[in-house]
Amino acid sequence: MESIIAAVTESGLLVRGTMLMSNLHICVVKAVFLPAQLLLTTAASILCVLLHHNFKFEAGQLVEPCLVQTRDINKVLYAAQRGNGRERHVATFELVNMAVTDDNNKFLIVQENGLQVMLTLLTSGQVNEETKDYAAEALAELLTLEAIQDEFVRLGGLPTLCALLRSSQERVVYEASCALSFISSRDEHNSLIVDSNGLGDLMYPVQHGCSVEVAEFLSGILLDLCLNVNTRPAIMAHPKIVTTLASLMTMGGVTCQSSLQSLELLVIDDDRLLQPVILDHMINIASHTPPDKVIAQLISKLLSCYANSEERVGLIVSHDHLMPALMSLVQVGDADVIESIVAVVTVLSQHELFKSQVELDQLKRKLALLSGEVPPHWSSL
């Protein structure tokens, strides 16, 4: 009996010991793993907040100071000016990185005579093409700041920059046109561009074929010059302005729009610029596909200029593809376009040499439906 009691007592002790161990294990789990899980959850939450906040700025702004390491600017410029071919190549590449990284670097480069160094590299016959490409890119990056533009103009760099548009290197032409677009956006520099033989240089790439990107820059520069009343007469007097604008029209998009805006400004002062080649290009643009709203407005307004000019009206009356172009423009449905087309139709109706009367009547009906009224000076439909 005593042995049984002892066995039961021992068994109870074992069970109690097991329960105590189990409770101790649970306490260890709660004391160690739960705080660790809480810590990981907190860290994950903080990370999510940081990622969300990161969308408010460029991540490169944080890592750039750590990743971008540069040498002293004066040493880089010395290597670019006096080093051998490989050293110049590396130095100009570093100058691009420095100029892109920080505006303070731009001013430091200028203080160390960097503008003159780059102009020297770009005009030297002993520098390879890749080095010139980097030098042109660095120069364009520097000229994004107005203060550096003023210093560049003061140094007399505009003639050299304009001359770079005649380079055989496409990258140099691109960077030069980009840099000039920054300078031409300020009225005080426009006259200096013209005085630097800039008009001939601007038209050279267009006359000899250039990329769409370069054409967009050049059309914008010409528009800036046309907007300036002081430089507009020189543009009107240039013998290649008509063919240049006609070529830019064929590029489409922003380039076409800028060239049409330039032409609109020029013909206000001199309708002799309304040449057959301009008319052909505008009608071709309008005939093949309905242009966007702004281009349609510009083309229709210029067509009305042809129609209202006693010397140029014959060109529009006798053009074989005029009516399809007018019908295409009307389909844009813009009120300003319709108003200009009505003016053209009025002139055509009254001109004795116009022969496409059936198509003209169809266009009149279309205009009457869109405008909701029939102009009183039209004959009955």
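Details of the structure are given in the entry above.
Below or above, wherever it landed, is the structure these notes cover.

Quick notes on the rules
- Residues numbered from 1 in each chain as written.
- Predicted model: local features only at pLDDT ≥ 70, side-chain atom pairs only at ≥ 80, totals over all residues.
- Heavy atoms only, no water.
- Helix = DSSP H or I, 4+ residues; strand = E, 2+ residues; numbered from the N terminus.
- Contact = heavy atoms within 4.5 Å.
- Areas by Shrake-Rupley, 256 points an atom, 1.4 Å probe, with all protein chains shown as cover.
- Polar contact = N/O pair within 3.5 Å; in protein donor to acceptor, adjacent residues only side chain to side chain.
- Buried < 20%, exposed > 50% of the residue type's maximum accessible area, 1.4 Å probe, protein only.
- Core = buried A, V, L, I, M, F, W, Y, C linked by side-chain atoms within 4.5 Å.
- Axes fitted to C-alpha atoms, helices over the stretch in contact; angles between N-to-C directions.
- Parallel < 35°, antiparallel > 145°, perpendicular 65-115°, else oblique.
- Left-handed = near helix turned anticlockwise from the far one by under 90°.
- Nonpolar A, V, L, I, M, F, W, Y, C, P; charged D, E, K, R; others polar.
- Salt bridge = Lys/Arg side-chain N within 4 Å of Asp/Glu carboxyl O.

**A few points about the overall build of the protein**
(1) Moving on: Regarding its fold elements, the protein presents 22 helices and zero strands.
(2) Moving on: For the protein, the share of sequence-separated contacts (at least 6 apart) that also reach a separation of at least 24 residues comes to 70%.
(3) Moving on: Counting only carbon and sulfur atoms, one obtains 56% of the accessible surface of the protein, whose full area is about 20800 Å².

**Some remarks on the side chain of Gln149**
(1) Moving on: Here Gln149 lies in helix 8 (residues 146–154).
(2) Moving on: Within the structure, Gln149 has its side chain in polar contact with the side chain of Arg186 (distance 3.3 Å).
(3) Moving on: Beyond its immediate chain neighbours, meaning those up to four positions away, Gln149 contacts Leu143, Thr144, Phe182, Ile183, Arg186 and His189.

**Notes on the side chain of Thr131**
(1) Moving on: Note on placement: Thr131 falls in helix 7 (residues 129–142).
(2) Moving on: Classification of Thr131 as buried rests on a relative accessible area of 1%.
(3) Moving on: A polar contact is formed between the side chain of Thr131 and the side chain of Asn128, at a distance of 2.7 Å.
(4) Moving on: Among all residues touching Thr131, those that are not within four sequence positions of it are Gly85, Arg88, His89 and Thr92.

**Quick word on the environment of Leu155**
(1) Moving on: Following the sequence through the fold, Leu155 ends up in the loop between helix 8 and helix 9 (158–163).
(2) Moving on: Here the alpha-carbon distance between Leu155 and Leu115, two residues 40 residues apart in the chain, equals 8.7 Å.

**Side note on the nonpolar core**
If you look at soluble globular proteins, the nonpolar side chains tend to sit buried side by side.
(1) Moving on: With 104 residues, the main nonpolar core has Leu161 and Met282 as its most contacted residues.
(2) Moving on: In contact with Met282, other than residues within four places in its own chain, are Met249, Leu260, Ile299, Leu302, Leu303 and Tyr306.

**Re the packing of helix 17 (residues 276–288) against helix 20 (residues 322–330)**
(1) Moving on: It is the contact of helix 17 with helix 20, at a shortest axis distance of 8 Å, that shows an interaxial angle of 55 degrees. Between helix 17 and helix 20, the angle falls in the class oblique. Helix 17 and helix 20 meet at a crossing whose hand is left-handed. Counting all contacts with helix 17, which are made through Ile283, Ala286 and Ser287, the residues of helix 20 involved are Leu322, Pro324, Ala325, Ser328 and Leu329.
(2) Moving on: Of the residues belonging to the contact of helix 17 with helix 20, the class tally is six nonpolar, two polar and no charged.

**Remarks on unusual backbone geometry**
(1) Moving on: At Asn113, a residue that is not glycine, the phi angle is positive and equals roughly 65 degrees.
(2) Moving on: Looking at the element boundaries, Asn113 is found in the loop between helix 5 (103–111) and helix 6 (114–123).
(3) Moving on: Given the relative accessible area of 41%, Asn113 is considered partly exposed.

**Some words on the pattern of salt bridges**
(1) Moving on: What the rule picks out here adds up to 12 salt bridges.
(2) Moving on: Of the charged contacts in the structure, one is a salt bridge between Asp150 and Arg186, with a shortest N-O distance of 3.0 Å. With Asp150 in helix 8 and Arg186 in the loop between helix 10 (170–184) and helix 11 (187–195), the pair connects residues that are 36 residues apart, well separated along the chain.
(3) Moving on: Here Arg186 falls in the buried class, since its relative accessible area comes to 12%.
(4) Moving on: Between Lys301 and Glu264 there is a salt bridge whose closest N-O contact spans 3.2 Å. Of this pair, Lys301 sits in helix 18 (residues 293–308) while Glu264 sits in helix 16 (residues 253–269); the two residues are 37 residues apart in sequence, bridging distant segments of the chain.

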